[in-house]
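Listed below are the residues making up each chain.
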Amino acid sequence: MNITYKNPGYEYSIESIMLFQTDEQTPFWSDSVLYFYPQIDKTELEKRNFEEKKEYIYKVLEEVYGNIEDELESKIIRYNEHFQNYRSQIEDALSEAFELDSGLLFNDLTGNITMNPVCPRFLQEKYFDIFYLNSERGALGLSIHEVIHYFWFYVWNKHFGDSYEEYETPSLKWILSEMVVEAIMSDDRLSLINPYFPREDGGCVYPYFFDMIINGKPVLDKISELYKNNSITDFMEASYAYCLENENAIRNHIEEAEKEF
């Protein structure tokens, strides 16, 4: 498993940001760009259609990009060096977690360093985005999160034989894939090099999972319990069955959390 970090350019950053500026997105996702770039006027943004929003953001952030371009280039070096320092350690942990030789898989992953505070991943294309304001430690922590998704769905797909199209939001399979990251990340070989772990340090999963309780038990604790007591494929089956059984409660909690953001 290997990651190569690069700067994909300004236009790519804008395209990445715009993935979260559609009418379907809640403020939980769309407003993050406003927090990090106060140059963007929310009132001006909201009165525009999608293409006008894109043009507006492009113009407003163009100067910002010019000012940080040297920083982006320096972070390419720092992110790549820091990852390589821990590559074998990460591979060992993932090999054990997913019951395979992780060194034989995903040696062509790309980490795009962008201006987007939200960091999407693209499973079949084998790349993901990292927000440039992360330190190399933060970038590594987020990268491990994303790499877990690649291995999770690789094993999942081999086991269930379903479609990669089912692995994106708002699918329950996507929701589960976000839940399981904390359990897998709890391995000391991963958690100790991730500044976003444990929960009190910000957490390595979406915050609305932290207070999600079903039948009197925190969901993340239930997922962790299932992970510890099963093989990886048995864990997948058991955790998905749990999510199916409680799908309405899970979705309602997420919906309410995003509304309150």
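Every chain is numbered independently, its residues counted from 1 as its sequence is written. Only residues with pLDDT of at least 70 are given local features in this predicted model, and only at 80 or more are side-chain atom pairs given and counted; all residues enter the totals for whole chains, interfaces and linings. In computing side-chain values, all of the structure's heavy atoms are included and hydrogens and water are not.

(A) Geometry of the sheet that holds strand β1 (residues 3-6). When DSSP finds two or more bridges between a pair of strands, those strands are recorded as paired. Secondary structure counts use DSSP, requiring at least four H or I residues in a row for a helix and at least two E residues in a row for a strand, with both numbered from the N terminus. On the basis of which strands lie adjacent, the open sheet formed by four strands has the order β1-β2-β4-β3 and mixed pairing. In this open sheet, the two strands that pair with only one neighbour each are β1 and β3 (121-122). As paired strands, β3 and strand β4 (residues 127-131) are joined by two bridges and run antiparallel to one another. When the sheet's bridge partners are listed, R121 is paired in β4 with F128. Packing against the sheet, helix α1 (residues 10-18) makes contact with β2 (109-114), β3 and β4, and its axis sits at approximately 90° to β2. By the convention used here, residues are in contact when the closest approach between their heavy atoms is within 4.5 Å. Note on definitions: angles span 0 to 180 degrees between N-to-C directions of axes, and those axes are lines fitted to C-alpha atoms, for helices only across the stretch in contact. Set on the sheet, helix α6 (residues 136-160) makes contact with β1, β2, β3 and β4; between it and β4 the angle comes to about 160°.

(B) Quick look at the nonpolar core. Counting 86 residues, the largest nonpolar core has M1, I40, L61, F98 and W152 as its most contacted members. Element by element, the count of residues in this core is highest for helix α5 (residues 50-98), at 16 residues. By nonpolar core is meant a set of buried Ala, Val, Leu, Ile, Met, Phe, Trp, Tyr and Cys residues that side-chain atoms within 4.5 Å join together. Remark: exposure states derive from per-residue accessible area (1.4 Å probe, protein chains only) relative to the maximum for the residue type, with buried under 20%, exposed over 50%, and partly exposed in between.

(C) Looking closely at the packing of α6 against helix α7 (residues 172-179). Where α6 contacts α7, the two axes come as close as 10 Å, and the packing angle between them is 130°. One element, α6, and the other, α7, form an angle in the oblique class. Crossing angle aside, the handedness with which α6 passes α7 is right-handed. Where α6 abuts α7, its residues H145, H149, W152, F153 and W156 lie against K173, W174, L176, S177 and E178. Throughout this description, any angle smaller than 35 degrees is read as roughly parallel, any larger than 145 degrees as roughly antiparallel, any in the 65 to 115 degree range as roughly perpendicular, and the remainder as oblique. Crossing handedness is read from the near helix: turned anticlockwise from the far helix by less than a right angle, it gives a left-handed crossing, and turned clockwise, a right-handed one.

(D) Geometry of the pairing of β2. Among the six residues of β2, six are classified as buried, and the element is accordingly described as predominantly covered. Side chains L109, G111 and I113 project from β2 onto one buried face, and the interleaved T110, N112 and T114 project onto a second face that is buried too. Here β1 pairs with β2 via four bridges, running parallel. Bridge assignment links K6 to a residue of β2, and that residue is N112. The pairing of β2 with β4 spans five bridges and is parallel.

(E) Summary view of a nonpolar patch on the surface. Grouping into patches uses exposed residues only, defined as over 30% relative accessible area, and leaves out salt-bridged ones; the cut-off is 9 Å for like charges and 5 Å for nonpolar side chains (Val, Leu, Ile, Met, Phe, Trp, Tyr). Working definition of accessibility: Shrake-Rupley area with a 1.4 Å probe, residue cover restricted to the visible protein chains. A carboxyl oxygen of Asp or Glu within 4 Å of a side-chain nitrogen of Lys or Arg is what we treat as a salt bridge. Together, Y35, F36 and L133 give the surface a local cluster of nonpolar side chains, amounting to about 350 Å² of exposed area. Mapped onto the fold, F36 is located in helix α3 (residues 32-36). Given a relative accessible area of 35%, F36 falls into the partly exposed group.

(F) Structural detail: the pattern of salt bridges. This structure, assessed with the given rule, holds 20 salt bridges. With its nearest N and O atoms 3.4 Å apart, the salt bridge here joins E55 to K59. Taken together, the positions of E55 and K59, both in helix α5 and four residues apart, correspond to about one turn of that helix. On the accessibility criterion, E55 (45% relative accessible area) is partly exposed. Of the charged contacts, one joins R251 and E247 as a salt bridge, the two residues approaching to 2.8 Å between their closest N and O atoms. Of this pair, R251 and E247 both sit in helix α12 (residues 247-260), four residues apart, roughly one helical turn. For E247, a relative accessible area of 25% corresponds to the partly exposed category. Sharing partners across several salt bridges, the network here consists of D31, K42 and E46.

(G) Broad picture of the packing of α1 against α5. Relative to each other, α1 and α5 sit at 135°, their axes nearing to 10 Å. Here α1 is positioned oblique relative to α5, judged by the angle of their axes. As for the relative orientation of α1 and α5, their crossing is right-handed in sense. Residue-level contacts link Y10, E11, I14, E15, I17 and M18 of α1 to F50, K53, K54, I57, Y58, K59, L61, E62 and Y65 of α5. Following the grouping adopted for this structure description, the nonpolar residues are Ala, Val, Leu, Ile, Met, Phe, Trp, Tyr, Cys and Pro, the charged ones are Asp, Glu, Lys and Arg, and the polar ones are all others, Gly among them. Looking at the contact of α1 with α5 residue by residue, the classes come out as nine nonpolar, no polar and six charged.

(H) Quick look at helix α11 (residues 232-245). What a helix should span is 1.5 Å times the count of its residues minus one. With 14 residues, α11 should cover 20 Å at 1.5 Å per step; its first-to-last C-alpha distance of 20 Å lies within 8% of that length. By the burial criterion, the buried members of α11 are I232, F235, M236, S239, Y240, Y242 and C243. Taken end-on, α11 shows its buried residues confined to a sector of 155°, consistent with a single buried face. Looking at the packing, one finds that the buried side of α11 touches α5, α6, α7, β5 (213-214), α10 (219-228) and α12. Summarising the geometry, the arc corresponds to the directions from the helix axis toward the C-beta atoms.

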